[in-house]
Structure formats: C-alpha cells, structure tokens
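Structural description and commentary
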Amino acid sequence: MIRATPAILRAEEAEEFPTEERCHIRETWNRDDDEGLSIARVRVCPGITTRLHRLRGIAERYLILEGRGRVEVGELQPEVVTPGDLVYIPPGCTQRISNLGEGDLLFFAVCTPRYVPEAYEDMDPAE
C-alpha cells in the first residue's frame with residue numbers, strides 16, 4: 001500500500017541502533033503503510049566486516065555515501081566501493097561489506113519490498 005498522505009521525516013526522528021550484524025542502522029523509512037520500500041542509513045566502523053547474510057524475498061541496494069569499503073555479493077569477486085557507487089543485491093543473494101578506511105563507512109540500504117527482520121538470514125559460520 002502506498003502512503004495516502006504526504007510526510008516529511010526529520011533526521012533526528014530516527015535513532016541509530018547497533019545490530020548483531022556488526023553495523024549501526026538508522027531507519028529513515030520503513031513503514032507498514034508503504035510495504036514497497038524501506039530506506040536505512042548504515043554505518044560500519046573502521047576495520048569491521050559485517051556478517052555474511054542474505055535477505056529472503058527482498059532486493060537491496062547499497063548507495064555508498066562516505067568512506068571506502070569492500071563488498072562481497074554472491075558469486076562476484078570482492079570489489080572496492082567508494083562514494084557514489086551503487087551495489088545491487090538480488091533477493092536471496094549472500095552479501096557483506098568491510099570498511100577499509102580510517103573513518104566510518106556510510107551508505108543507504110534501499111530495500112524492495114521493505115525490510116522485515118524475519119527476512120534476514122545469517123550465513124556466517126557459528127562463532
């Protein structure tokens with residue numbers, strides 16, 4: 001369903017929270033009344049690699065905003081990504097990203113349909 005009324009959401013309305021995936025998320029847009037899309041700002045600290053995972057039934061795009069990272073998607077060779085790069089991740093495709101820089105790696109994660117926690121599947125070996 002598409003949101004019936006216009007809305008403006010301020011950055012301070014969404015609080016950043018840490019995840020078990022080893023990154024920090026600020027959900028900018030993830031609403032029950034707009035099931036077609038979600039947008040989150042993701043922050044990965046220097047030297048951190050997120051957990052290998054996949055999203056069942058959800059396509060994801062990483063739009064790199066700041067920093068330098070190395071992304072691993074499915075069968076592709078690992079690639080370095082920098083601001084302005086966009087990574088497309090089909091539904092069910094394994095993914096993870098490493099921060100190669102000295103500052104935070106920031107990117108938008110845009111999901112279609114919207115992200116729901118039950119779609120997340122951790123693929124890293126047990127620690």
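Our structure is the block above this text.
Summarised in this report is the structure supplied together with it. (Residues numbered from 1 in each chain as written. Predicted model: local features only at pLDDT ≥ 70, side-chain atom pairs only at ≥ 80, totals over all residues. Heavy atoms only, no water.)

Considerations on the pairing of strand E9 (residues 95–99)
- Buried residues dominate E9, accounting for four of its five residues.
- In this sheet, E9 lies alongside strand E6 (residues 69–73) in antiparallel orientation, the contact comprising five bridges. For Glu 72, the partnering residue across the bridge sits in E9 and is Arg 96. (Buried < 20%, exposed > 50% of the residue type's maximum accessible area, 1.4 Å probe, protein only. Helix = DSSP H or I, 4+ residues; strand = E, 2+ residues; numbered from the N terminus. Pairing = 2+ DSSP bridges.)

With respect to unusual backbone geometry
- A cis amide bond, omega -15°, links Thr 112 with the succeeding residue Pro 113.
- Look at Arg 22: it is not a glycine, yet its phi comes out positive at around 80°.
- Structurally, Arg 22 is set in the loop between strand E1 (17–18) and strand E2 (24–29).

Section: the packing of aromatic side chains
- Scanning all chains against the criterion turns up one aromatic pair.
- When the centroid spacing of 4.5 Å and the interplanar angle of 40° are considered together, the rings of Tyr 62 and Phe 107 count as tilted. Taken together, the residues span a long stretch of sequence, with Tyr 62 in strand E5 (residues 59–66) and Phe 107 in strand E10 (residues 105–112) at a distance of 45 residues.
- Using a relative accessible area of 2% as the deciding quantity, one classes Tyr 62 as buried.
- The lysine or arginine in question, Arg 31, covers the ring of Trp 29, its NZ or CZ lying 5.2 Å from the ring centre. (Phe/Tyr/Trp six-rings, centres within 6.5 Å; stacked < 30°, edge-to-face > 60°. Lys NZ or Arg CZ within 6 Å of the ring centre and 35° of its normal.)

As for the sheet that holds E1
- Strands sit in the order E1-E2-E3-E10-E5-E8 across an open sheet of six strands; the sheet is antiparallel. Edge positions in the sheet fall to E1 and strand E8 (86–89), since each of these pairs with one other strand and no more.
- Bridge count between E5 and E8: four bridges; the pairing is antiparallel. Its bridge partner being in E8, Arg 61 is matched across the sheet by Tyr 88.

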